[in-house]
Amino acid sequence: MNAPCPDQRGPLLGVCYYPEQWPEGVWPADAARMVALGLTRVRIGEFAWSAIEPEPGRFDWGWLDRAIAVLGGAGLQVIMSTPTAAPPRWLVDRYPDILPVGADGHVRKFGARRHYCFSSTRYRQEAARIATEVARRYGRNDHVVAWQIDNEYGDHDTIHSYSPAAQAAFRDWLAARYGTIGALNAAWGTSFWSMRYNGFDQIELPNQLVEEPSPTHLMDYLRFSSDQVVAFNRAQTEILRAHSPGRDITHNGMNQNTDYDHRALAADLDVMSWDAYPLGNLIHGRLPEADKARLLRTGDPDQPGFNNDLYRGVGRGRMWIMEQQPGPVNWAAQNQAPADGMVRLWTWAAYAHGCEMVAYFRWRQAPFAQEQYHTGMLLPDGTPDQAHDEVARVAAERALLPPLPPRGRAQVALVLDYPSRFALAVLPQAANFRPGHHALDWYAALRRLGVDLDIIGPGDDLAGYRLIVAPDLVIMPEDFVTRLAASGAKALFGPRSGSKTGDMHIPANLPPGPLQRLIDVKVLRSESLPDWHEERVLLGNRTLTARRWRETVTTGADVLATFAGDYRAGAPALVGNDRVRYLATLPAPEGLRAIMAGTLDWAGVAALPDLGDLRITRRGGLCFAFNFGPAPADAPAPEGARFLIGSRRIDSADLAIWQEAD
Amino acid sequence: MNAPCPDQRGPLLGVCYYPEQWPEGVWPADAARMVALGLTRVRIGEFAWSAIEPEPGRFDWGWLDRAIAVLGGAGLQVIMSTPTAAPPRWLVDRYPDILPVGADGHVRKFGARRHYCFSSTRYRQEAARIATEVARRYGRNDHVVAWQIDNEYGDHDTIHSYSPAAQAAFRDWLAARYGTIGALNAAWGTSFWSMRYNGFDQIELPNQLVEEPSPTHLMDYLRFSSDQVVAFNRAQTEILRAHSPGRDITHNGMNQNTDYDHRALAADLDVMSWDAYPLGNLIHGRLPEADKARLLRTGDPDQPGFNNDLYRGVGRGRMWIMEQQPGPVNWAAQNQAPADGMVRLWTWAAYAHGCEMVAYFRWRQAPFAQEQYHTGMLLPDGTPDQAHDEVARVAAERALLPPLPPRGRAQVALVLDYPSRFALAVLPQAANFRPGHHALDWYAALRRLGVDLDIIGPGDDLAGYRLIVAPDLVIMPEDFVTRLAASGAKALFGPRSGSKTGDMHIPANLPPGPLQRLIDVKVLRSESLPDWHEERVLLGNRTLTARRWRETVTTGADVLATFAGDYRAGAPALVGNDRVRYLATLPAPEGLRAIMAGTLDWAGVAALPDLGDLRITRRGGLCFAFNFGPAPADAPAPEGARFLIGSRRIDSADLAIWQEAD
Amino acid sequence: MNAPCPDQRGPLLGVCYYPEQWPEGVWPADAARMVALGLTRVRIGEFAWSAIEPEPGRFDWGWLDRAIAVLGGAGLQVIMSTPTAAPPRWLVDRYPDILPVGADGHVRKFGARRHYCFSSTRYRQEAARIATEVARRYGRNDHVVAWQIDNEYGDHDTIHSYSPAAQAAFRDWLAARYGTIGALNAAWGTSFWSMRYNGFDQIELPNQLVEEPSPTHLMDYLRFSSDQVVAFNRAQTEILRAHSPGRDITHNGMNQNTDYDHRALAADLDVMSWDAYPLGNLIHGRLPEADKARLLRTGDPDQPGFNNDLYRGVGRGRMWIMEQQPGPVNWAAQNQAPADGMVRLWTWAAYAHGCEMVAYFRWRQAPFAQEQYHTGMLLPDGTPDQAHDEVARVAAERALLPPLPPRGRAQVALVLDYPSRFALAVLPQAANFRPGHHALDWYAALRRLGVDLDIIGPGDDLAGYRLIVAPDLVIMPEDFVTRLAASGAKALFGPRSGSKTGDMHIPANLPPGPLQRLIDVKVLRSESLPDWHEERVLLGNRTLTARRWRETVTTGADVLATFAGDYRAGAPALVGNDRVRYLATLPAPEGLRAIMAGTLDWAGVAALPDLGDLRITRRGGLCFAFNFGPAPADAPAPEGARFLIGSRRIDSADLAIWQEAD
């Protein structure tokens, strides 16, 4: 592992570049322009396999040697990639069984990318072979400072394959997990519906069934698939560590993707990266249409922050943005442009959240192939586009800031647990239950009150937090409860917390299972509710609305809010004692904000009045404010605050940075 | 066949129980608690095959012997099941071709239930083998009073298989039906689009075509598939009659399922059962969103009644509810809770509609496997849940009633014909044509006017009815018309009545085909209409709205209502003579109620003013009223009525029972 | 090629007839009734293969000989068809590989029609064989005046097959197009995502990939598929020309279908036909729901005109309607009836747009098989239906008109380019981007201003046009730009014009590519926008709304309209010089009409005030007005105009024809 990044005055700036896609003659000018712009890093090579090895065993290193020499010679640090995200056509011809199989039982064909099955032992060998070749050649190259392994695991639902190789590997995985078929039968509950197995070799993958499989069957398949990704990635980390000592190793995750356990993956990495495309995520995201319309070209104010905080935690404090949206992209249902200023804003916001580097995807828009509507820093003809000029401004503005250490621990932590998300994918219990939206709602409620957060896993250190909020910790480890009790933190849990054991059973003492050690509450009934129905909740003298989920609980704790309306009026909606609160429904944003305000006050965490579309983030004595709204807004800075960038009045798509009184 | 159930003071009460899912040690306490609650019957065994025969030919009867002994010993009557709804894994390994094939051409895999093809001769043999084994062992057991064959035919679209076995059986079925290929060519109209066949062995199943198949091709496939279910079921009835004399044999149907002909199935049974899950059916059902929101936790007031009346008719007067929803379930798009009181209400409503037994699904909520969000009478930890206490109340209330015979014949019958429903599935002529909704609308219109109904088939005895309504008798048997003419009944027919021959042709004399013997009306044109368009109908001085379907008719009969608006204003919408009325459109609920009120008056059937969300049912001198609405309502009882249960003012989710003046 | 049709006093009238579906005994009476009605042409035979050749090599010509004799003997001219749209069952049994394969990888089965793969060499042989047999037998028959080849290429997505035969043919097609694999790699941009090919035999069809294929890969597949249709059709034209000299050869296209290049197809034909089903196209069409409701039974006023103008252009001035909707049909999501009068209206409208013949589909409604809800001129029992009487009226009205030559050239041409439509199908860049709707919007905006249009391809002669509008000429040929410059025409281009090269790359000089030779404008950015967002555009002192697409352009030309609102306010929305205008967005109808009004004025084309639901068309001194709206409207005829049919006040679904002052 490498040492964390030293103190910085702003994010390192980088860019994604594809020398194999451009005539060699333009490389030197490109490199020079990058350096002139203030970029210091360049990622290359993640889709270069067929250019490196155009035929089996025949390597063409020359172009890549020269590309690295040109870039490095210009002063750029190279982030080299292993090219395993896109095996060449000839490899598919040789070994057709490396292709993944979809849930529909059909082979997913060559012609795009990510066309491999993680369970293919042949592909594991080939991936190791090409990674070794690349690592040997460039591992000790002076210009190479870091490695990206593969690219965006999980893009286009590529974690889950239903191939014969996956079936064989799944059986082995189950045998290792359970030891005996009897243990599996007990865990899966095969006495239900006569599903009993006599041996592991009878087990199939959970696709194309008449009806849904045992949730434990499906849960194990999700866990298995996640483990396959982690193992695939680990093999490459070992190769890189052997051949390229001292370089950071990373992988680039995607917006709140929970198809595999990113923490397990990141345990083998030095730094975690993510790819930031806020506007497509607005289109496909959680907000109601009126909010989407207001924020069309600025995006959900909390999507970037959530991911920055999530991946910073996953990376144990070290986080990069490997691909930052520079303008309109090509893959969403609609692809609007960022408002002018947003590339700069997102860049500074990433830094405020502890990001060490922001790299833009991509240098020059490609005039051919799949992503030709994906903009770059330059237009296809080399003209500077929006991102070019905004990044130049960021590069210049860095001089105005003092150096800052990695962002420190927040007072509030939000728990996001990958196995719990698997569990909700397995048993959503409603067509409209979207955990990613609900967790982001919780995050947003706190952020609109000016609070900084860490996003942690239940296994992470809890020391120092005043408040821990867990919107959906479905599978609650006993150890987490123990450590929570030992910490000084207060905690707020959402509905469905502790509602499943690790085997996907209802806990013997009913939900919230182990949490009952800390609070006297028991969930007797869970309801999922249609979007056209609203529940009402009385919180003090306020009436809130809630949606989608309602639990009936009994409690010996204090009842802090109650349900109103026709059904079981007066039943507890929010209960608590001096350490733990449990929320038995999903309040709509305004109500959730009211509950969070009370919870912050209870936990002794300072909060601001509702910030609307403004977001505030603090880092080591600096305070950053970002205006995602359409109208100018005033920074909630103390009188006499010293503004280093911007001023109190912040325009739409603009920002301000000031020194808090230290 | 068995004698009908003796007079009762209320429904027999039962429960579904799974000894194979619980430690043997808890059985005695469970049985004792059931008895204490007032339950007298327990259904077991329908998913127990792999527990009974864990390996090919090795039987483990011990546990089941003991379970029956424990339950019976406690005083419970056992409804034993044949376990053919879920063949064991080892059987699938031995004979993979027992698996069904979906319309997409893919085998539907093991791992849930109902994974068999009705056309598999191998599976027919195996089903007979296990049924024989179970029947031999328990057929004369004193505790066993009845049998359920298999479970919920048709769940998850399992009537229709596209396997090689189905194709072979379909060819045989067609050869038997048509005799010569020429007859088939004529019936299917293969002169259209050059579809002529030279022999039966050229015929394929009607999936994965370029365009839709001949409607007669598809109709024959639906008939064939239905016949396969009936034959599959009949084989088991024969085994049970041989080995278990004197016991009732039943099968449990599902909410208004029309994938197979339930009357043909029930002809081999002693009593018909159905599984009652009103709240999921509300979510997926016919009502507009505002009504769904108002009735969220009480359900469509007519869904239970419709099914009670339907299955009572299918069972020739004998009907059970084998599975009654006890609380929230797990399978709907959303799964809300029943309002407190509804389990009791549904139970009494079933009794009012002639149900002999209500069994609850299930005793204790399972903390594992697919249905762990499906509640039971007890929580997973054994705590009583809603249904437990409400059933106890029902058990006690029975003493307040006099014994009653099976519910007698109503004055009004609604015709539901399975082949006609196949015909509408084959040729809906609109994406928004939903026969199940339309028939329920007709039923509801009559029920809101306080009318009791029977639901009959066109082959049933018509004697004694004052009014027969047929919302969608598309294929109208000549014999039905003859018997209708001979009966004293007046009749109201809906659009599309008589619009197809048995071969799925337009009748030579145009629709309504044979009905023209009773009324001078001819349909010249049929239109299907989008949901965003409304037709207007003038009925006397009232303007009604109609939707989705409009016919242009000529008639020599009286014109009772006309279309208004731009298109063919003044054209007949409702026509009639002294015996038969024909309605040429689908009025919206309010208008349909107006038409039904006039029709009842014409037929001499007494009606009440609109009951709103209240429903009234009479049985042998007792009158039952059920309040499905959110507000209290007054029972329309005569002054001086003697209330046996409840009183004139009926709360939401509550009921009243009074003695009418005999 | 044949000479164009002589001057006419109205459309020739015809009907589609299926002697093979009716008893021979009714043919003579049918023929006599057709003649009595004023029909002179009858199309037969397009689905008769299995009746002609019921077994391999055994021909049954007798019935067809007699049918032609009966029809011809009654005075009808026969349009004979080759029956290749529906190969017989026995042919499928012999050669199963003639069946097409869907994008899901599954064979599309026999049982309907169009069940063949255009790339099957076996089917090409068999189609040539049966076409030769039919052509030999009837090619010189005196009653046969024309031929239809096959039927509705592309119905039910049958252009695109994913069979092994298609894969093999695609590889050959690519080898012929590119010569070397290196040229293909360059065109497809396979340096992106490591997609490089080593040889043509590695290339697969672009279905079932993990993610979308290279757009050039997909574009080539669409071009290839189109070419296969053209080649398939050409083979039959050669056979017919050899055996049936002097007869017109045609094929019947479908509503604005752009799955294959109709101009390339029509180059081998004498006359182009299309099948007119306006009401189903209303249901599935472009209009907002309120407009659809208003026009429910009259249809989109511009759908018939657009297709008439399109296919007239495709047919180089000669166009027929081979199938005209006579009443409700069977295939749309809903199937409403045409208002009384609409069959007559559509018939006269076709004539006004230059149509030589209107044939109705079909003579008598079939009481069996797939289309039994599709009405005809007669009901199944022979009773005349709506179309019968309206056609009789048209036949009589023809005497009121003078003979007219083929419709002459309009002053305004709209460019519709098939390869450009392929390009937009390949890279829509938005889920809500529907080129067919947008082009129809442009057409409608001009038609509501009373303008007549031609619809042309970019290769067509441009002489004589005052204005050329091109809503979506994505791939702009250099030659077109040259000829446009040489013509005297002014031109208006829509967004995305010139945005792709023939290889589906962004042009080196950025969009609009070659158009920059005529106007100084460059597109720097394209945005696709969700339906819930509106852009505002300032045009003079009017504020318009625009939707779905917005471009950022730089220009040296005049800025004629600008964007308003938050994003880049003041940016050009419409720019122009004295010859060319470029529109950078998609205005909503009202705004588009304002822009078109200004453009017409600029181009010196006379326009009328907004006609609402009225449509005006001129042909050789006659002026036709058609009222598609629900209310009467006044014809904008000059005072003293001589009305030949109708009068100034035109009822809903009615028309007027007057002599303009010549």
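Residues numbered from 1 in each chain as written. Chains lettered and ligands numbered in written order. Predicted model: local features only at pLDDT ≥ 70, side-chain atom pairs only at ≥ 80, totals over all residues. Heavy atoms only, no water.

**Digging into the environment of B:Leu218**
Residue and element names in this part refer to chain B. On the secondary structure map, Leu 218 appears in helix 8 (residues 215-243). You can call Leu 218 partly exposed: its relative accessible area is 21%. Linking Leu 218 and Val 426, residues 208 residues apart in sequence, is a C-alpha distance of 6.5 Å. (Helix = DSSP H or I, 4+ residues; strand = E, 2+ residues; numbered from the N terminus. Buried < 20%, exposed > 50% of the residue type's maximum accessible area, 1.4 Å probe, protein only.)

**Observations regarding the interface of chain A and chain C**
The partner chain C presents 52 residues to the 63 residues of chain A that form the contact. Taken together, the two surfaces of chain A and chain C that pack against each other cover about 4900 Å², and 54% of this comes from carbon and sulfur. The largest contributions to the chain A side of the interface with chain C come from A:Lys109, A:Gln370 and A:Tyr373, which together make up 17% of the buried area. Counting every contact that joins chain A to chain C gives 6 salt bridges. Measuring nitrogen to oxygen at the nearest pair gives 2.8 Å for the salt bridge that ties C:Arg568 to A:Asp340. Across the contact surface, chain A and chain C share 32 residue pairs in polar contact (both at pLDDT 80 or more). Broken down by secondary-structure element, the contributors of at least two residues to the side of chain A that touches chain C are helix 2 (49-52), helix 4 (89-94) and helix 11 (289-294) of chain A. Residue composition of the side of chain A that touches chain C, by class: 30 nonpolar, 16 polar and 17 charged. (Contact = heavy atoms within 4.5 Å. Buried area = accessible area lost by both parts, 1.4 Å probe. Salt bridge = Lys/Arg side-chain N within 4 Å of Asp/Glu carboxyl O. Polar contact = N/O pair within 3.5 Å; in protein donor to acceptor, adjacent residues only side chain to side chain. Nonpolar A, V, L, I, M, F, W, Y, C, P; charged D, E, K, R; others polar.)

**Description of the relation of the copies chain C and chain B**
Each copy superposes on the other: chain C lies on chain B with an RMSD of 0.0 Å after a rotation of 120° and an axial shift of 0.0 Å. Here the symmetry operator amounts to a three-fold rotation axis. In terms of C-alpha distance to the rotation axis, chain C has C:Asp104 as its closest residue, with the C-alpha 5.4 Å off the axis. A share of only 2% of the interface residues of chain C reappears at the interface of chain B, consistent with the copies meeting through non-equivalent patches. (Least-squares fit on C-alpha atoms with pLDDT ≥ 70 in both.)

**Topic: the sheet that holds strand 22 (residues 622-627) of chain C**
All names here are of chain C. An order of 21-22-26-24 is seen for the 4 strands of this open sheet, with the pairing classed as antiparallel. Looking at strand neighbours, the two that pair on one side only are strand 21 (614-619) and strand 24 (642-645), the edges of this open sheet. With strand direction ignored, the average angle separating the axes of adjacent strands in the sheet is 30°. Bridge count for strand 21 against strand 22 is 6 bridges, and the pairing is antiparallel. Opposite Leu 614, over in strand 22, you have Asn 627 as the bridge partner. (Pairing = 2+ DSSP bridges. Axes fitted to C-alpha atoms, helices over the stretch in contact; angles between N-to-C directions.)

**A look at the interface of chain C and chain B**
The interface is formed by 63 residues belonging to chain C together with 52 residues belonging to chain B. With both sides pooled, the region where chain C packs onto chain B buries about 4900 Å², and carbon together with sulfur makes up 53% of that total. Among the residues of chain C in contact with chain B, C:Lys109, C:Gln370 and C:Tyr373 are the three that bury the most area, contributing 17% of the side total. Remark: the boundary between chain C and chain B carries 6 salt bridges.

**Observations concerning the domain arrangement of chain A**
Residues and elements named next belong to chain A. When its domains are assigned, chain A resolves into domain 1 (12-86 + 123-158 + 233-400), domain 2 (412-603) and domain 3 (614-659). Here domain 1 and domain 3 have C-alpha centroids that lie 28 Å from each other. Of the roughly 1600 Å² buried where domain 1 meets domain 3, counting both sides, 67% is carbon and sulfur surface. When residues of domain 1 are sorted by the area they lose upon contact with domain 3, Pro 301, Leu 345 and Ala 352 head the list and together hold 31% of the total. Put simply, domain 1 and domain 3 have 2 salt bridges between them. Across the pair Arg 615 and Asp 302 runs a salt bridge whose closest N-O atoms are separated by 2.8 Å. Taken together, domain 1 and domain 3 are joined by 5 residue pairs in polar contact (both at pLDDT 80 or more). Per-element accounting of the side of domain 1 that touches domain 3 gives the leading share, 8 residues, to helix 13 (residues 342-352). (Domains from an automatic or database assignment.)

**Focus on the confidence of the model for chain A**
Model confidence for chain A is summarised by a mean pLDDT of 97, while 99% of its residues fall at 70 or above. For this predicted complex, the interface confidence comes out at an ipTM of 0.97, alongside a pTM of 0.97. (pLDDT = per-residue confidence, 0-100.)

**Concerning unusual backbone geometry**
The omega angle of the peptide bond from A:Phe361 to A:Arg362 is 10°, so this bond is cis rather than trans. Backbone geometry places B:Arg316, a non-glycine residue, at a positive phi of 50°. Mapped onto the secondary structure, B:Arg316 falls in the loop between helix 12 (302-314) and strand 8 (319-324). The phi dihedral of B:Leu510 is positive, around 65°, even though this residue is not glycine. Considering the arrangement of structural elements, one finds B:Leu510 in the loop between strand 13 (490-493) and strand 14 (521-528).

**A look at the packing of helix 13 of chain A against helix 14 (residues 386-397) of chain A**
Residue and element names in this part refer to chain A. Where helix 13 contacts helix 14, the two axes come as close as 8 Å, and the packing angle between them is 40°. Judged by the angle between their axes, helix 13 and helix 14 are oblique. When the axes of helix 13 and helix 14 are compared, the crossing they make is right-handed. In this structure, helix 13 contributes Met 342, Val 343, Arg 344, Thr 347 and Trp 348 to the contact, and helix 14 contributes Gln 386, Ala 387, Glu 390, Val 391, Arg 393, Val 394 and Glu 397. For the contact of helix 13 with helix 14, a count of residues per class yields 6 nonpolar, 2 polar and 4 charged. (Parallel < 35°, antiparallel > 145°, perpendicular 65-115°, else oblique. Left-handed = near helix turned anticlockwise from the far one by under 90°.)

**A word on the relation of the copies chain A and chain C**
After a rotation of 120° and a shift along the axis of 0.0 Å, chain A superposes on chain C with an RMSD of 0.0 Å. Taken together, the interface assignments show that only 2% of the residues at the interface of chain A recur at the interface of chain C, consistent with different surfaces on the two copies.

**Some thoughts on the packing of aromatic side chains**
Scanning all chains against the criterion turns up 99 aromatic pairs over all chains. Judged by centre distance (5.3 Å) and plane angle (5°), the ring pair of C:Phe59 and C:Trp61 falls under stacked. Exposure remark for C:Phe59: the relative accessible area of 22% places this residue in the partly exposed category. The interplanar angle of 80° and the centroid separation of 6.4 Å between the aromatic rings of C:Phe480 and C:Phe493 together place this pair among those described as edge-to-face. Separated by 13 residues along the polypeptide, C:Phe480 in helix 17 (residues 478-486) and C:Phe493 in strand 13 (residues 490-493) bring together distant segments of the chain. Residue C:Phe493 is classed as buried on the basis of its relative accessible area, which comes to 0%. The ring of B:Tyr373 carries A:Lys500 above its face, with NZ or CZ at 4.4 Å from the centroid. (Phe/Tyr/Trp six-rings, centres within 6.5 Å; stacked < 30°, edge-to-face > 60°. Lys NZ or Arg CZ within 6 Å of the ring centre and 35° of its normal.)

**Some remarks on the pairing of strand 19 (residues 580-583) of chain C**
All names here are of chain C. Of the two faces of strand 19, the one lined by Val 580 and Tyr 582 and the one lined by Arg 581 and Leu 583 are each fully buried. Where strand 13 and strand 19 come together, 3 bridges link them in parallel fashion. Its bridge partner lying in strand 19, Phe 493 is registered against Tyr 582. The sheet contact formed by strand 18 (residues 572-576) and strand 19 spans 3 bridges and is antiparallel. Bridge pairing links Gly 576 to Arg 581 in strand 19. Counted between consecutive antiparallel strands, the loop separating strand 18 from strand 19 contains 3 residues.

**Side note on the pattern of salt bridges**
Residue and element names in this part refer to chain B. Counted by the stated rule, this structure contains 153 salt bridges over all chains. A salt bridge links Asp 270 to Arg 241, with the nearest nitrogen and oxygen atoms 3.2 Å apart. A residue pair is termed long-range when its members are at least 10 positions apart, and Asp 270 in the loop between helix 9 (262-266) and strand 7 (272-276) and Arg 241 in helix 8 qualify at 29 residues. Judged by its relative accessible area of 5%, Asp 270 falls in the buried class. Among the residues examined, Arg 241 registers a relative accessible area of 30% and is labelled partly exposed.

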